Amino acid sequence: MSDRANSNRIALLEAMRQQPFNPFLVGLENGDRFQVRHPENLAFDPDEDGNNRVSILLKKTSVLTSLDAITGIAITDTAATLPDSSDAV
């Protein structure tokens, strides 16, 4: 696993394990951003030696990407969620 993928793996684990949980944005290389509204809406292998695929479950679809394609992870204000009509901004 690359250093970037490992850093993203650690950041995702931290974001998913916050107590209380706050939604967070995942930004991708192509400019898409997706909000993870619940920790169960994100699936990936947490093991450092695992594969680097990431699945983000959205209201109407899902996104399959890799840990290497993530360019940013940011906690969002609980009042500032993305519109229900679109999970990507």
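Let us look at the structure shown here. (Residues numbered from 1 in each chain as written. Predicted model: local features only at pLDDT ≥ 70, side-chain atom pairs only at ≥ 80, totals over all residues. Heavy atoms only, no water.)

### Considering the sheet that holds strand E6 (residues 70–75)
Thinking step 1. One open sheet accounts for three strands, arranged E2-E1-E6; its pairing is antiparallel. Of all the strands in the sheet, just strand E2 (33–36) and E6 have a single pairing partner and so form its edges. Between one strand axis and the next, the sheet turns through 20 degrees on average, direction left out of account.
Thinking step 2. Where strand E1 (residues 24–28) meets E2, four bridges bridge the pair, whose relative direction is antiparallel. From the neighbouring strand, phenylalanine 24 faces E2, where its bridge partner is valine 36.
Thinking step 3. Helix-sheet contacts for helix H1 (residues 3–16) involve E1 and E6, and the interaxial angle to E6 is about 20 degrees. (Pairing = 2+ DSSP bridges. Helix = DSSP H or I, 4+ residues; strand = E, 2+ residues; numbered from the N terminus. Axes fitted to C-alpha atoms, helices over the stretch in contact; angles between N-to-C directions. Contact = heavy atoms within 4.5 Å.)

### Points about the pattern of salt bridges
Thinking step 1. Following the criterion strictly, the structure yields one salt bridge and no others.
Thinking step 2. Glutamate 29 is paired through a salt bridge with arginine 4; the nearest N and O atoms lie 3.3 Å apart. In this pair, glutamate 29 sits in the loop between E1 and E2 while arginine 4 sits in helix H1, placing the two residues 25 residues apart along the sequence. (Salt bridge = Lys/Arg side-chain N within 4 Å of Asp/Glu carboxyl O.)

### Some thoughts on the pairing of strand E4 (residues 53–57)
Thinking step 1. Every second residue of E4 is oriented toward a common face, the buried set being Val54 and Ile56 and the non-buried set Arg53, Ser55 and Leu57.
Thinking step 2. Bridge count between strand E3 (residues 42–44) and E4: three bridges; the pairing is antiparallel. Bridged to phenylalanine 44 within E4 is valine 54.
Thinking step 3. The pairing of E4 with strand E5 (residues 62–66) spans five bridges and is classified as antiparallel. Bridge assignment links leucine 57 to a residue of E5, and that residue is serine 62. (Buried < 20%, exposed > 50% of the residue type's maximum accessible area, 1.4 Å probe, protein only.)

### Here we look at the sheet that holds E5
Thinking step 1. If you trace the three strands from one edge of the open sheet to the other, you get E3-E4-E5, paired in antiparallel fashion. Each edge of the sheet is formed by a strand with only one pairing partner; in this case those strands are E3 and E5. Across this sheet, the average inter-strand angle for adjacent strands is 20 degrees, counted without regard to direction.

### Quick word on the side chain of threonine 65
Thinking step 1. Mapped onto the secondary structure, threonine 65 falls in strand E5.
Thinking step 2. When sequence neighbours within four positions are dropped, the list of residues in contact with threonine 65 reads Leu28, Asn52, Arg53 and Val54.

### Some words on H1
Thinking step 1. An ideal rise of 1.5 Å per residue puts 20 Å on 14 residues; H1 measures up with 20 Å between its terminal C-alpha atoms.
Thinking step 2. Taken as a whole, H1 has its buried residues at Ala5, Asn6, Asn8, Arg9, Leu12, Leu13, Ala15 and Met16.
Thinking step 3. Elements in contact with the buried residues of H1: E1, E3 and E6. (Expected span 1.5 Å × (residues − 1).)

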